[in-house]
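Structure at a glance
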Amino acid sequence: YVYSVGISGTATSGLITLEGSVTGSDLNSGYMITDDASEITDEWMVQKKAVLSILSVRTDSDVVSRGQNTIWVTMVVSNQGEATAGVNGSLIALQFVDSAGNPVTAEYTLQNTQVPATIAGCTNETYIFSVKVNEAATTGRITIDGSITGTDLNSGYIITDQSAVTTDQWMVQKKAVL
């Protein structure tokens, strides 16, 4: 026989032994027949689902200029579950917002320079970006935030975090002209 088994979100995690039993009746005599234990058992590991959380987005640059490039920004992402999370590098992003709350992300060009493809359960990974500021970027105080989308590698479910616990800021100024 083949059975489909669902695991609840509150199931006990860890190594689980799969054991079977059977009860039936002899069609000729009507006697009950029972076998309470399997001769061969199996096991599986139950893990709490992967949960992505962007802990921080940080830059060492407090002031940047229009047209400047190779500005380093790091994003630290935690997997607070037990299952490993798969991460697609194209679904990791920085977000830039001006002091009025307007998104200005299109004014920046990102290049992922370090993109771990997985985050093991209960660990952190660091993503490092090189950023270029557009020549016509909005000047003033800009908040730098992040977003990430991944997959729980056990279930295949999509997992996301759309904002960092700790964000950073920089001041964009017009570039010097001599």
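Residues numbered from 1 in each chain as written. Predicted model: local features only at pLDDT ≥ 70, side-chain atom pairs only at ≥ 80, totals over all residues. Heavy atoms only, no water.

Scanning the protein from terminus to terminus reveals zero helices and 14 strands. Ordering the α and β elements of the protein from the N terminus gives β-β-β-β-β-β-β-β-β-β-β-β-β-β. The globule rule puts the C-alpha radius of gyration for 178 residues at 16 Å, and the 26 Å found for the protein is more than 25% above it. Taken over the C-alpha atoms alone, the protein extends approximately 105 × 25 × 20 Å along its principal axes. Here the protein holds 178 residues, and 31% of them are scored as buried. Distance between charge centroids for the protein: 27 Å, based on 8 positive and 18 negative side chains. (Helix = DSSP H or I, 4+ residues; strand = E, 2+ residues; numbered from the N terminus. Rg over C-alpha atoms; globule rule 2.2 N^0.38 Å. Buried < 20%, exposed > 50% of the residue type's maximum accessible area, 1.4 Å probe, protein only. Lys, Arg positive; Asp, Glu negative; His and termini not counted. Charge placed at Lys NZ, Arg CZ, Asp CG, Glu CD.)

The next subject is the pattern of salt bridges. Side chains bearing opposite charge may pair, as long as their charged atoms lie close to each other. Going through the model one piece at a time under the given rule, you end up with one salt bridge. A salt bridge links Lys-175 to Glu-135; the nearest nitrogen and oxygen atoms lie 3.0 Å apart. With Lys-175 in the segment after β14 (168-173) and Glu-135 in the loop between β11 (123-133) and β12 (140-152), this pair connects stretches of sequence that are 40 residues apart. Residue Glu-135 is classed as partly exposed on the basis of its relative accessible area, which comes to 43%. (Salt bridge = Lys/Arg side-chain N within 4 Å of Asp/Glu carboxyl O.)

What follows covers the packing of aromatic side chains. Tallied over the entire structure, the rule returns three aromatic pairs. Relative to Tyr-108, the ring of Phe-96 has its centre 4.0 Å away and its plane inclined at 15°; by these criteria the two rings are stacked. Of this pair, Phe-96 sits in strand β8 (residues 85-98) while Tyr-108 is found in strand β9 (residues 108-114), placing the two residues 12 residues apart along the sequence. Taken individually, Phe-96 and Tyr-108 each receive the classification buried, so the pair is uniform in this respect. An aromatic cluster of at least three residues, connected via ring pairs, comprises Phe-96, Tyr-108 and Trp-170. (Phe/Tyr/Trp six-rings, centres within 6.5 Å; stacked < 30°, edge-to-face > 60°.)

Judged by side-chain charge, Glu-19, Asp-35, Asp-36 and Glu-39 come together as a negatively charged surface patch. Looking at the secondary structure, you find Glu-19 in the loop between β1 (14-18) and β2 (22-25). (Patch = residues over 30% accessible without salt bridge, like charges linked within 9 Å, V, L, I, M, F, W, Y side chains within 5 Å. Areas by Shrake-Rupley, 256 points an atom, 1.4 Å probe, with all protein chains shown as cover.)

For soluble globular proteins, nonpolar side chains are generally found buried alongside one another. Residues Met-75, Phe-96, Tyr-108, Tyr-127, Val-131 and Trp-170 are the most contacted members of the largest nonpolar core, which totals 30 residues. If you list the elements that add at least two residues to this core, you get β5 (52-59), β7 (71-79), β8, β11, β12 and β14. Per element, the largest residue contribution to this core is five residues, and it comes from β8. Those residues in contact with Phe-96 that sit more than four places away from it in its chain are Asn-102, Pro-103, Val-104, Thr-105, Tyr-108, Leu-110, Val-131, Ile-142, Thr-143, Ile-144 and Trp-170. (Core = buried A, V, L, I, M, F, W, Y, C linked by side-chain atoms within 4.5 Å. Contact = heavy atoms within 4.5 Å.)

Strand order in the open sheet made by the four strands is β5-β7-β11-β9, with antiparallel pairing throughout. Edge strands, defined here as strands with exactly one partner in the open sheet, are β5 and β9. The sheet shows a mean angle of 30° between the axes of neighbouring strands, direction not considered. (Pairing = 2+ DSSP bridges. Axes fitted to C-alpha atoms, helices over the stretch in contact; angles between N-to-C directions.)

Here the focus is unusual backbone geometry. For Thr-70, which is not glycine, the phi dihedral falls at a positive 55°. You can see Thr-70 is positioned in the loop between β6 (63-65) and β7. Judged by relative accessible area, Thr-70 falls into the partly exposed class, the value being 45%. A positive phi angle is found at Cys-122, which is not glycine, with a value near 60°.

Bringing the environment of Gly-30 into the picture now. Within the secondary structure layout, Gly-30 lies in the loop between β2 and β3 (32-35). Owing to a relative accessible area of 49%, Gly-30 belongs among the partly exposed residues under this scheme. As for Gly-30 and Thr-74, which are separated by 44 residues in sequence, their C-alpha atoms are 72 Å apart.

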